[in-house]
Amino acid sequence: MGLFKREARVVYEPASRIDLGPASSEVYLRANVKAPRMAGFLAKLFAWFLESRIIGTLMLYILKRDNLIHKLVSNAELEEAPVYVPLHPFDEIEEQDVKHVGSDLSPSELVQQAIECLPRSLDKELSGSNSSFRYWTILDYARAYTSGEMTPKLVAERLIAAIHESSYPPFEMSFFINYDTEDILKQATESTLRYEKGVPISALDGIPIAVKDEIDCRPYPTTGGTKWLHKFRPCTDDACCVKCLRQCGAILIGKTNMHELGAGTSGINPHYGATRNPHDPRRISGGSSSGSAAVVASGLCPVALGVDGGGSVRMPAALCGVVGLKPTFGRVPHSGVLPLNWTVGMVGILAGTVEDALIVYAAIIGQLPSSQSTLSSKVYFPLLDSKKPILDIKFAKYGEWFNDCSDDIRECCNNALDRLHKQYGWKTVEVTIPEIEVMRLAHYLTIGSECSTSLSPHLEKLDFKELGWDVRVALAVYGAFSSKDYIQAQRIRNRQMQFHKNLFSQADVIVSPTVGVTAYPILDDALKTGELDYINGAALVRYSISGNFLGLPAVTIPVGYDKSGLPIGLQLIGKPWSEPTLIHIAFAVQNLYVGDGRKPQVYYNLLSTNQVG
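Residues numbered from 1 in each chain as written. Predicted model: local features only at pLDDT ≥ 70, side-chain atom pairs only at ≥ 80, totals over all residues. Heavy atoms only, no water.

Undergrad: I keep staring at the packing of helix α7 (residues 152-167) against helix α8 (residues 181-196) and nothing clicks. Help me out?
TA: Each packed pair of helices is defined by two parameters, the angle between the axes and the distance between the axes. Close contact between α7 and α8 brings their axes to 7 Å; oriented N to C, the two are set at 160°. One way to sum up the angle between α7 and α8 is to call them roughly antiparallel. Once α7 is placed against α8, the crossing between them reads as right-handed. In contact with P152, K153, A156, E157 and I160 of α7, α8 contributes T181, I184, L185, A188, T189, S191, T192 and Y195. Class assignment for the residues of the contact of α7 with α8 results in 7 nonpolar, 4 polar and 2 charged. (Axes fitted to C-alpha atoms, helices over the stretch in contact; angles between N-to-C directions. Helix = DSSP H or I, 4+ residues; strand = E, 2+ residues; numbered from the N terminus. Parallel < 35°, antiparallel > 145°, perpendicular 65-115°, else oblique. Left-handed = near helix turned anticlockwise from the far one by under 90°. Contact = heavy atoms within 4.5 Å. Nonpolar A, V, L, I, M, F, W, Y, C, P; charged D, E, K, R; others polar.)

Okay, here's the thing in structure tokens:
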């Protein structure tokens, strides 16, 4: 690994000396997770021990040592200086088939610019008959409203009935933490009047959009999946991304469920219920943007907002069979988002289609705060209406990392690359990405330290009985990280930013599965306490970390199902500010799988004459 042992520590060679080629001597280190699954009484017992002064200190030291945090990060020797924030200068990237749009345009104007980039044949294709399953799109809703076949108010009434049905037996899907029927109907009535007058604000007018309960959205409190955080931090205004959507006329339908404080990957919340996967309600939806992925997959809305701090948009999107887009760090304004992870978190988009992800991306990238306005002075959208796909795309693939997943996922994702090569002539370049497990640990140190620091003023006043047991364990571990640990992690960040910059000189995107396992079962013992499943957790985050830790854009697209019928996603990680290229490629992938979609077990057809559930 470009390192040699010295008294339970490693010494890293300078990043500039590391060979990133396929014949590199770098060794792929699999996740060294040493912790059994715990829930119920065992989770409570473990939390009690960790919170005790003497026993807890000893146990936390052992946990950090056995999981190689000391050896690979805290005590490591390396020459790189720390990089605390993954800001990337805006460099002009030579991207194919893109359209330059003014960054000073309003959200509704940006939405119109994005729609003009969509294929002209889309109207005909979407209104045609198709026996296979597909999600209703934003343009489907807009056309139904414009033609008078449907109204936003009628959709809202169906939506409210569907949310109510999904919240109780036999479903108990736990999609939402909060929704207000009066507020939904008020927004829908106003939108209906605009359509009746022939003056809709934009194509997003009347479109139901859900918001993760980590993002401020009036009139709801922002709980972060807790029972207490909103008492210390009241929601007084919309987040910037929510304001953009309101300016476009979207109907904000409520706050979606999430893993408490974003401190887990399953989406099991002991306070608001386990968000269940619409493809199989016995299984997890993934986290932490669990509700946002599930409401899109279930047809309740074509798009939802999430926050991605460690794959928290892409993981649940892949597990639920929808598109998940995480933009470049700094691309979307972060004001009004809970400050749980300052340097790794990013507002992201979950959507039924790539086109819908583009439309909402266009809406929310405006109004950058002055402190970030110089990061990307230019905005480009992909011209998806081009008759030919973009040419000569090269995928960087690290074989050992790519293959570190279940057999079904490996086969499905490799098949996707083969199909892309046959259809478009795109090539795969074998590379080596060094120290991936080191990066995962450094990211864990970073996100944990930032979360505990952000919450520390509140935790001092909090009765810990209000916390879920799994989160109590997480906070105990986070609190054990030192300033030395954090700084060492930022030095690792510097190394990885150098590695990835070099990799992107060889290829356009890095390709991988999105997750290492498909959705696993929800066990009854986890419902009231949450669960500690670090082995499955490591498998779920395996491919997500660079997007967050290094601030890179990434997208996941559905590419099939495992033998149990559970969705599988392919992930594309791009150069900073290369969202147009990522969306181009994602759209091409999506086109290869038209007709392959399967209707989830729990699905609501809000635009049909008869609602289906």
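Undergrad: How should I be thinking about the sheet that holds strand β7 (residues 251-256) in this particular structure?
TA: Adjacent strands of a sheet form backbone hydrogen bonds with each other and so pair up, either parallel or antiparallel. Spatial strand order, β5-β7-β6-β12-β14-β13-β20-β21-β18-β16-β17: 11 strands in an open sheet with mixed pairing. Edge strands, defined here as strands with exactly one partner in the open sheet, are β5 (176-178) and β17 (427-430). Direction aside, neighbouring strands of the sheet carry axes that sit 30° apart on average. Across 2 bridges, β5 lies against β7 in antiparallel orientation. Residue pairing for β7: F176 is matched across the bridge by T256. The strands touched by helix α10 (residues 240-247) are β6 (208-212), β7, β12 (303-307) and β14 (347-351); relative to β7, the strand with the most contacts, the crossing angle is about 150°. Strands in contact with helix α15 (residues 407-424) are β16 (394-397), β17, β18 (509-513), β20 (554-561) and β21 (567-574); relative to β21, the strand with the most contacts, it is inclined by about 55°. (Pairing = 2+ DSSP bridges.)

Undergrad: Could you clarify how one ought to interpret the pairing of β20 in this entry?
TA: In summary, the side chains of a regular strand alternate between the two faces of the sheet. Among the 8 residues in β20, 6 count as buried, and that is most of the element. Of the pairings in the sheet, the one linking strand β13 (residues 323-326) to β20 comprises 3 bridges and is antiparallel in character. When the bridges of β20 are listed, G324 appears paired with T556. What sits between β20 and β21 in their antiparallel hairpin is a turn of 5 residues, with G565 showing a positive phi close to 80°. (Buried < 20%, exposed > 50% of the residue type's maximum accessible area, 1.4 Å probe, protein only.)

Undergrad: Is there a simple way to explain the side chain of R440 in this structure?
TA: Looking at the secondary structure, you find R440 in helix α16 (residues 436-459). Relative accessible area serves as the criterion here: at 16%, R440 is assigned to the buried category. Apart from residues no more than four positions distant in its own chain, R440 is found in contact with A31, V33, A538, V541 and I545.

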